[in-house]
Number of protein chains: 2
Amino acid sequence: MLHANVERLKASLVDMAKIGATPGGGVTRTALSDEDREGRNQIVAWLQAANLAVRWDDLGNIYGRLEGSDPSLAPVLMGSHADSVPGGGRFDGIFGVMTALEVARSIRDLGITPRRSIEVVDWTNEEGARFEPAMACSGAVAGRFTPEYIYSRLDRDGKVFVEELVRIGYKGDAANRPQAIQAYFEPHIEQGPVLEAEGIPIGVVTGILGLKWMNVTLHGVQQHAGPSPMRSRHDAMVTAGRIIAGLRDMALEYPDPAVATVGRIKATPGIINQIPGEVVLSADMRHWTGQGHEEMGTKALALIKRLAAEEGVKADVDVFWTCPPIAFPDSMVGLIERTVRDLGVPNRRIVSGAGHDAQYIHEIAPTGMIFVRTIGGKSHCETEDIHWEDAQAAADLLLNAALELAR
Amino acid sequence: MLHANVERLKASLVDMAKIGATPGGGVTRTALSDEDREGRNQIVAWLQAANLAVRWDDLGNIYGRLEGSDPSLAPVLMGSHADSVPGGGRFDGIFGVMTALEVARSIRDLGITPRRSIEVVDWTNEEGARFEPAMACSGAVAGRFTPEYIYSRLDRDGKVFVEELVRIGYKGDAANRPQAIQAYFEPHIEQGPVLEAEGIPIGVVTGILGLKWMNVTLHGVQQHAGPSPMRSRHDAMVTAGRIIAGLRDMALEYPDPAVATVGRIKATPGIINQIPGEVVLSADMRHWTGQGHEEMGTKALALIKRLAAEEGVKADVDVFWTCPPIAFPDSMVGLIERTVRDLGVPNRRIVSGAGHDAQYIHEIAPTGMIFVRTIGGKSHCETEDIHWEDAQAAADLLLNAALELAR
């Protein structure tokens, strides 16, 4: 088995963490920001230093190509994204880009020229934290979104995606998109507590949970908190409270890794002595089977309608994003699993709870994901962290698996 | 029985509603704003036109004095406040000031010179919507707050109370505060649905609910919504949901008019796919007896601690305002009740659920309140409304009751 240079990988991750570093030890490197530009410039410099041919496409996705002996063959693609959420961590996304870079460097070091080309990729705007939707530019490459749609997205300050893309100097040519992809590998931190709880460094990802995102708007009657007897109320906040608790209880009826989460809530007018007339809350529900995914949505809707009716409150439910569960092909899951076993690294199959660029690229190419254990299961926060031995395992795994397909 | 001129009262209320009028039919006339200045200028002009001696004190409380035949006697005070919440209604507060003004005008019309002086008052910053605390300037007159404390209050934009008071031209002399008060009457809209539900125009207010205001800060563990199994969570939002529902259920165990309300909630980071690490919510609890008031607070605290412990979440509870229930003196309640009966107007005793300037003035003078029915129980909103027949009843009641004490 071949081995990558984890010290070099670590050094690159440490250097990248300086770009957009936050006082609390994390990074803020949102898509198309000055920090994203600085990060891209660094990535491009490293790709070039590794003697890869660098290009970027009309969406700013950056590719570094290690030319194979038969350039006419579809390349093996590997990578992830360099953007972060605000106040995010040092590993989410960038770990996959840096591990892919390290694998390319190691192939160079080893003097190997694979038959197929191997490309490192940094997908633009995976997080969707600045411009919605998330995974915008892998989605565009997969044909899910037109460039015009992505270009017209606005951030909260009204800045336009395409203008920001041009501003940072990364609007390239559509012809630079991959024409065909033999296979896509994405290494990523788990972002959850499962591997750590079981003392396992590597997760072989079998698929991604299906997801439903909804906004629930509760229209009650705004009244003064003091003079409104309890039984006369149509309280949007009480309804929201019962829905939040009810969705959690509903999710508990399913086995892991099914989940339901309320992350966002806004009460109007939102003052201490007014019964809110309106409460808007989000619900995020995920399941690993198509049937479970639909059933959770249906049950949630029924629950919300029933509780709202009990409170005399009107509920408008807008299911604004549905993403069915996906299963990565057995060929990719099997290859990753065999390779990690051959490396002697403890591993388990796992379903990804989070969406990743892999879920769109899956639609156009055989795709596999490699998870590394996340300390404390923490992600999207400044204290996101990993064990360097796990990074070694992930890089070795990617190196051997990618070469297996490229030879 | 004497009668006031409800047409004139109506005209004045309609004119006042133009000052700070909102497109939806309400008013935004927050304390010490340009609109408050315009409202005050109008009130002063009307007081002077009614041949009252106008002055304002160091807190901007405005007084219009109808001199009695024995000016050495403590005056009978009557009024309320002219400030509103943002997007508030045309009656909350200003109804009491305009009714008191109308009573003074009617006394002039009737050619009566009472023995005691009668004073109309407009208290500054009752709502506390711009500068906390609420009822700031009646509280200062009652000795609850020093002028220095009130002067230093900041609004959300960092503007200073005293600078705004000077800016609008209403910083007067502390010597202009009332030196002694024989009695204080405050007419006000009910702001609740009780009178309307029973078809009764006038409420004889026996007291004001005791109140506890708390902020509950729930410290959970922020995690990504996807990869975090339900049983591994310490979800501050779920805890908040259960507390909101639990406080409502607790309040339902008490008879009316005991109430508990959650009006404000903030989840951090407040994004759809993150389990919030922190949720802050408010709780407002009210009861009419001292014992019930304390018991509700104790029960709420125990409930919050128990639910937080069940979720593995830390709860910090800050009871930042406690106001014991008050009972107006029998002399005032009895006078108001006798007078409204003599007028032949249907009435009932009622406890005020909301705080009013009357609650501070109660500490320094015999105080009574008169409620008028509120259409739909709505207040602090643009659709706040009353029946003009009820305004007639309230004005007649105040005219006769005030003269009774002033003769």
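Remember, predicted model here, so these are calculated numbers, not experimental data. (Residues numbered from 1 in each chain as written. Chains lettered and ligands numbered in written order. Predicted model: local features only at pLDDT ≥ 70, side-chain atom pairs only at ≥ 80, totals over all residues. Heavy atoms only, no water.)

J.: Quick question: what am I supposed to make of the interface of chain A and chain B here?
T.: Buried accessible area, meaning the area lost when the parts come together, often serves as the stated size of an interface. At the junction of the two partners, chain A supplies 57 residues and chain B supplies 57 residues. For the pairing of chain A and chain B, the buried interface totals around 5,000 Å² over both sides, and the portion due to carbon and sulfur atoms is 62%. When residues of chain A are sorted by the area they lose upon contact with chain B, M230, R248 and I272 of chain A head the list and together hold 15% of the total. Put simply, chain A and chain B have two salt bridges between them. At the boundary of chain A with chain B, the tally comes to 10 residue pairs in polar contact (both at pLDDT 80 or more). (Contact = heavy atoms within 4.5 Å. Buried area = accessible area lost by both parts, 1.4 Å probe. Salt bridge = Lys/Arg side-chain N within 4 Å of Asp/Glu carboxyl O. Polar contact = N/O pair within 3.5 Å; in protein donor to acceptor, adjacent residues only side chain to side chain.)

J.: Just to check I follow, could you spell out the environment of R264 of chain B for this structure?
T.: Mapped onto the elements, R264 of chain B comes out in the loop between β9 (259-261) and β10 (265-268). R264 of chain B gets classed as partly exposed once you look at its relative accessible area, which sits at 27%. Distance from R264 of chain B to A283 of chain B, taken between C-alpha atoms, is 8.0 Å for residues 19 residues apart in sequence. For R264 of chain B, the contacting residues outside a window of four places in its chain are M237, G270, I271 and I272 of chain A together with N215, V280, L281 and S282 of chain B. (Helix = DSSP H or I, 4+ residues; strand = E, 2+ residues; numbered from the N terminus. Buried < 20%, exposed > 50% of the residue type's maximum accessible area, 1.4 Å probe, protein only.)

J.: What is the right way to read the packing of helix α1 (residues 6-17) of chain A against helix α12 (residues 388-406) of chain A from this model?
T.: Angle between the axes and distance between the axes: these two values describe a pair of packed helices. All names here are of chain A. Two numbers describe how α1 lies on α12: the axes approach to 9 Å, and their chain directions differ by 110 degrees. Here α12 runs roughly perpendicular to α1, going by the angle between their axes. Considering only the axes of α1 and α12, their crossing is right-handed. Counting all contacts with α1, which are made through V6, L9, K10 and L13, the residues of α12 involved are W388, A391, Q392 and A395. Partitioned by chemical class, the residues of the contact of α1 with α12 number six nonpolar, one polar and one charged. (Axes fitted to C-alpha atoms, helices over the stretch in contact; angles between N-to-C directions. Parallel < 35°, antiparallel > 145°, perpendicular 65-115°, else oblique. Left-handed = near helix turned anticlockwise from the far one by under 90°. Nonpolar A, V, L, I, M, F, W, Y, C, P; charged D, E, K, R; others polar.)

J.: For this particular structure, what's the right way to read the relation of the copies chain A and chain B?
T.: For these two chain copies, the linking operation is a rotation about an axis paired with a shift along it. Rotating chain A by 180 degrees and translating it 0.0 Å along the rotation axis places it on chain B, where the RMSD comes to 0.0 Å. Classification of the inter-copy transformation places it as that of a two-fold axis. No C-alpha of chain A approaches the rotation axis more nearly than that of G241 of chain A, which lies at 1.9 Å. Most of the interface of chain A is mirrored in chain B, where 100% of its interface residues again form contacts. (Least-squares fit on C-alpha atoms with pLDDT ≥ 70 in both.)

No statement about biological role is implied by the geometric values presented.
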